[in-house]
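Spelled out, the chains give:
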Amino acid sequence: MATFNFEEYFQTKFTERLFQDPDATENHMTAATRLLEKKREMFDLEQALLAQKEEFQMKMASLNVRREELDKKELTLRGSLVKFDQFLIENDIKKQRAEKKANQERHAKEVKVAEVLEKIGDKEKLSASVKKQNKVIVREKVYRGYMERVVENTSEFNELRDVLRKHDTLSSNLNDLIEKGQVSSDALDHCKQEYYNLLMKNDETTMRYTNIIADLTWRKENAVSNAQKWESLWNHIQNTAARNVLLLGRVKMATENVYVQIYRQRGIPAKEGEDIDEQLIKIKTYITDLSDIINESEKQDDKKKESTVARLAKPTKQVGGAKKTRGV
C-alpha cells in the first residue's frame, strides 16, 4: 500500500497558491467554495491517515506473527536445554555407578587375593601339621599298646574298636557342631552382604535425590530471578502508564479549553460529548481557516498600501510637467 507524502502535498498546495491570481480567487471563490475546498482537503487527509492506519495494522499483525514464532522457538530451545541437563545428570549418575562398581570389584579382587594367600598359608600350615602328626604317630605308638591294655583291664570296652567307635561318635558330633557353626557363619555373612547392598542402594538413592534437589534449587533461583525482573518491568510499565495517562489528561484538558474558546469566539455553544479526535480535527480546521484569513487580509492591506502610494505619486508628476512648460 502506497504511503501518503504530506510534505509533497503541502508543497504542491503552497505552489498552487503562490502562482494563483489573487483577483481571480477573490472574484470566483466565495466563502462556500473555500469551505468546500477545505472539506475536500480534509477528506483527502483523512483518507491518507486511514491508509497509513491500515498499513500500520498490517505491520503490527506481521510483527505479532513473528513474535509468536520467536516464542515457540524459545520454548523449543528451553525444552532442549532441559533435556540436555537431564542427559548430563544421567551421565553423571552412570559414571558414579560405574566408579562404585569398579571400586567394589577392586575390593572383591583384593579380598579374593587375601583369601588365596590365606588358603596357601593354611595349606602350608596343614602340611606342617601333617608332618607333625606323622611324627606324633611315630612317637605315640606306645599309646596304642597302652589302649589295648586298658581294654583288657576294663569292662566298659570289649575291644579296641569300641574305643575308636566312641571316638568317631564324639568326632561326628564335633563335626556337626562345626557345620552348624559354619552354616550360622554363612547366614551371618549373607546378612552382612544384604546389609551392604542396602547401604549401597541407599547411597545411590540419596545421591539421585540430592541431584534432583540441586536441579530444583537451580530452577527455583532462575524462577525467582525471572519473577524479580518481570516485577521490575511491570513497575516500570505502571509508572510509564501513569505518566502517559497524566500527560493525556493534560492534553485532553488543553484541547477541550481550546475547543471551547473557539466556539466562544464564534458565539456558538460548544457541542458536548464529542471525541477528542473530532475536537482536534475542528481545531486544526479553525487554525487553517484563520491562517488563510490572516494571509488574505495581509494581501489586501498590501494592495491598499500600493494603491495609496500610486495615487500620491500621480499629482507630483503633473506638477513637475507644468513647471517645465512655464519655463519654455
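These figures come from a predicted structure and were not determined experimentally. (Residues numbered from 1 in each chain as written. Predicted model: local features only at pLDDT ≥ 70, side-chain atom pairs only at ≥ 80, totals over all residues. Heavy atoms only, no water.)

Caption draft 1: Main features of the nonpolar core. Judged by nonpolar contacts, Tyr259, Ile262, Tyr263, Ile283 and Tyr286 together constitute the single largest core of five residues. Secondary structure elements with two or more residues in this core: helix H5 (160-266) and helix H6 (276-327). Counting residues per element, this core draws most heavily on H5, at three residues. Non-local contacts of Tyr286, meaning those with residues more than four positions away in its chain, are made with Ile262, Gln265 and Arg266. (Core = buried A, V, L, I, M, F, W, Y, C linked by side-chain atoms within 4.5 Å. Buried < 20%, exposed > 50% of the residue type's maximum accessible area, 1.4 Å probe, protein only. Helix = DSSP H or I, 4+ residues; strand = E, 2+ residues; numbered from the N terminus. Contact = heavy atoms within 4.5 Å.)

Caption draft 2: Fine view of H5. Here H5 spans 155 Å end to end across 107 residues, near enough to the 159 Å set by a 1.5 Å rise per residue. Taken as a whole, H5 has its buried residues at Leu160, Val163, Met200, Asp215, Thr255, Tyr259, Ile262 and Tyr263. Positive phi appears at Gly267, one or two residues downstream of H5, with a value of about 80°. (Expected span 1.5 Å × (residues − 1).)

Caption draft 3: Summary view of empty space enclosed by the protein. Applying the stated criterion across every chain, the model contains one cavity of 30 Å³ or more. In terms of lining residues, the largest cavity is bounded by Ile93, Gln96, Arg97, Lys100, Glu204, Met207 and Arg208. Counting only elements with at least two residues in the lining of the largest cavity, the list comes to helix H3 (31-139) and H5. The element that contributes the greatest number of residues to the lining of the largest cavity is H3, accounting for four residues. Considering only residue class, the lining of the largest cavity consists of two nonpolar, one polar and four charged. (1 Å grid on protein atoms, 1.4 Å probe; cavity = no way out; pocket = protein on both sides within 12 Å on 5 of 7 lines; lining within 4 Å. Points joined across faces, edges and corners; volume = space filled by probe spheres on them. Nonpolar A, V, L, I, M, F, W, Y, C, P; charged D, E, K, R; others polar.)

Caption draft 4: Layout of the packing of H3 against H5. Between H3 and H5, the least distance of the axes is 12 Å, while the angle of their chain directions is 155°. By the angle between their axes, H3 is roughly antiparallel relative to H5. The crossing of H3 and H5 is right-handed. Across the interface between the two elements, Val82, Asp85, Ile89, Ile93, Gln96, Arg97, Lys100 and Gln104 of H3 pack against Tyr196, Met200, Asp203, Glu204, Met207, Arg208, Asn211, Asp215, Trp218 and Arg219 of H5. Here the contact of H3 with H5 is composed, by residue class, of seven nonpolar, three polar and eight charged. (Axes fitted to C-alpha atoms, helices over the stretch in contact; angles between N-to-C directions. Parallel < 35°, antiparallel > 145°, perpendicular 65-115°, else oblique. Left-handed = near helix turned anticlockwise from the far one by under 90°.)

Caption draft 5: Seen up close, the layout of surface pockets. The calculated volume of the second largest pocket comes to roughly 420 Å³. Lining the second largest pocket are 13 residues, and of these Glu74, Arg78, Asn222, Asn226 and Lys229 sit closest to its centre. Taken together, the elements giving at least two residues each to the lining of the second largest pocket come down to H3 and H5. With seven residues, H3 is the largest single contributor of residues to the lining of the second largest pocket.

Caption draft 6: Geometry of the confidence of the model for the chain. In the predicted model, the chain carries a mean pLDDT of 80, and 85% of its residues have values of at least 70. A low-confidence stretch, residues 23-27 stays under pLDDT 50, and its non-local contacts, those more than four residues away or across chains, total five contacts. (pLDDT = per-residue confidence, 0-100.)

Caption draft 7: Here's a closer look at the pattern of salt bridges. Applying the stated criterion across every chain, the model contains eight salt bridges. Where Asp44 meets Arg40, a salt bridge forms, and the shortest distance between an N and an O atom there is 3.4 Å. Here Asp44 pairs with Arg40, and both are found in helix H3, just four residues apart, close to one helical turn. Across the pair Arg219 and Asp215 runs a salt bridge whose closest N-O atoms are separated by 3.2 Å. Taken as a pair, Arg219 and Asp215 lie in helix H5 at a separation of four residues, close to a single helical turn. Judged by relative accessible area, which is 40%, Arg219 ranks as partly exposed. Linked through salt bridges whose partners overlap, the residues forming this network are Glu37, Arg40 and Asp44. (Salt bridge = Lys/Arg side-chain N within 4 Å of Asp/Glu carboxyl O.)

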